[in-house]
Amino acid sequence: MILGNVCTRRCGFCAVQKGGPLPVDYDEPRRVAEACATLGLKFAVITSVNRDDRKDGGAELFALTIRAIRDRIPGCGVEVLVPDFQGSHAAMDLVLDARPDILNHNTETVPRLYRQVRLGARYERSLDMLAYVKKTGNAIPTKSGLMLGLGETIEEVLQVMRDLRGSQVDILTLGQYLRPSPKHLPIFRYVQPEEFGELKREGYRMGFRHVESGPLVRSSYHAEEAVQA
């Protein structure tokens, strides 16, 4: 996770510290690349806090980190899990120009629950940012994911899946929401493995190229396999 450990948003599901952002550390991309090399990684997933204090939302640091990893470990795959950059296509261009192997942006939940779950985000904006990647003509696969068990209905989940395919998203992850602490949003229900299995089958029927769906799935789950698929 880059761009510090303090987020400018207050999402109800997330345990990351909220508050005033830290200064951007331009040595961070080099250190991330060194850490990847030390760990012997063949595939790295890079994410960040939200940085709504910056005009580019932190996109510049994503691009620098992708390039630093590639320079330090030629052949290492890189997936980026990016924020919505407040809808800035110019910011997304900065990331795309660095050519990540996968561009991931999570929708997280269904539109009806956004005010409780993703304060400061907009569902339509997330869809637009994912669709924009394809509109630029990039062949970079796109990915998005949802947490289940926050009070959504299965039909609402299916509609989000249809909307993601409408934005030409290639890869889908579906996992169970787990409450980080009593201060965070409660778990509405535990989704059964059979339901995850049916959603996975439905995802493939809709045309997703790769689907990970299960209670323990998270956005970076089997990330390298998604690239291969």
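Before reading on, note that the structure itself is shown above.
Quick word on helix H3 (residues 89–97)
Here H3 has its buried residues at Ala 91, Met 92, Val 95 and Leu 96. Down the axis of H3, the smallest arc covering the buried residues is 140°, so these residues share one side. Within H3, the exposed residues directed more than 90 degrees away from the buried face are Ala 90 and Asp 97. Considering only its buried residues, H3 is in contact with helix H2 (59–72), strand E4 (77–81), strand E5 (102–104) and helix H5 (123–135).

Details of the environment of Ile 102
Within the fold, Ile 102 resides in strand E5. Taking the C-alpha atoms as reference, Ile 102 lies 5.2 Å from Pro 141; in sequence the two are 39 residues apart. Look past the residues within four positions of Ile 102 in its chain and what remains in contact with it is Val 78, Glu 79, Val 80, Ile 140, Pro 141, Lys 143, Ile 171, Ala 223, Ala 226 and Val 227.

Some remarks on the sheet that holds strand E3 (residues 43–47)
Taken in spatial order, the six strands of this open sheet run E3-E4-E5-E6-E7-E8, and their pairing is parallel. The sheet is open, and its two edges are formed by E3 and strand E8 (210–213), each paired on a single side. Direction aside, the axes of adjacent strands within the sheet are offset by 20° on average. The pairing of strand E6 (residues 142–148) with strand E7 (residues 171–176) spans six bridges and is classified as parallel. By the bridge assignment, Leu 148 is partnered in E7 with Gln 176. This element, H2, spans E3 and E4 of the sheet and lies at about 165° to E4.

Side note on the pairing of E8
Going residue by residue along E8, you find His 210 and Glu 212 tucked away on one face and Val 211 and Ser 213 tucked away on the opposite face as well. For the handedness criterion, the β-α-β arrangement of E7, helix H7 (residues 193–206) and E8 is classed as right-handed.

Some thoughts on the packing of aromatic side chains
Counting across every chain of the model gives two aromatic pairs. Here the aromatic rings of Phe 62 and Phe 85 are separated by 6.3 Å at their centres, their planes lie at 80°, and the arrangement is edge-to-face. Of this pair, Phe 62 sits in helix H2 while Phe 85 sits in the loop between E4 and H3; the two residues are 23 residues apart in sequence, bridging distant segments of the chain. A ring pair is formed by Tyr 114 and Tyr 123, whose centres lie 5.8 Å apart and whose planes are at 85°; its orientation type is edge-to-face. When its relative accessible area of 6% is taken as the criterion, Tyr 123 is described as buried. The lysine or arginine in question, Arg 165, covers the ring of Phe 208, its NZ or CZ lying 5.6 Å from the ring centre.

Digging into unusual backbone geometry
A positive phi angle is found at Gln 86, which is not glycine, with a value near 55°. Take Gln 86: it is sitting in the loop between E4 and H3. According to the relative accessible area criterion, Gln 86 is partly exposed, its value standing at 43%. Within the chain, Glu 108 stands out as a residue other than glycine whose phi angle is a positive 75°.

The rules behind each value
- Residues numbered from 1 in each chain as written.
- Predicted model: local features only at pLDDT ≥ 70, side-chain atom pairs only at ≥ 80, totals over all residues.
- Heavy atoms only, no water.
- Buried < 20%, exposed > 50% of the residue type's maximum accessible area, 1.4 Å probe, protein only.
- Helix = DSSP H or I, 4+ residues; strand = E, 2+ residues; numbered from the N terminus.
- Arc of directions from axis to C-beta.
- Contact = heavy atoms within 4.5 Å.
- Pairing = 2+ DSSP bridges.
- Axes fitted to C-alpha atoms, helices over the stretch in contact; angles between N-to-C directions.
- Right-handed = clockwise from strand over helix to strand, strands pointing away.
- Phe/Tyr/Trp six-rings, centres within 6.5 Å; stacked < 30°, edge-to-face > 60°.
- Lys NZ or Arg CZ within 6 Å of the ring centre and 35° of its normal.

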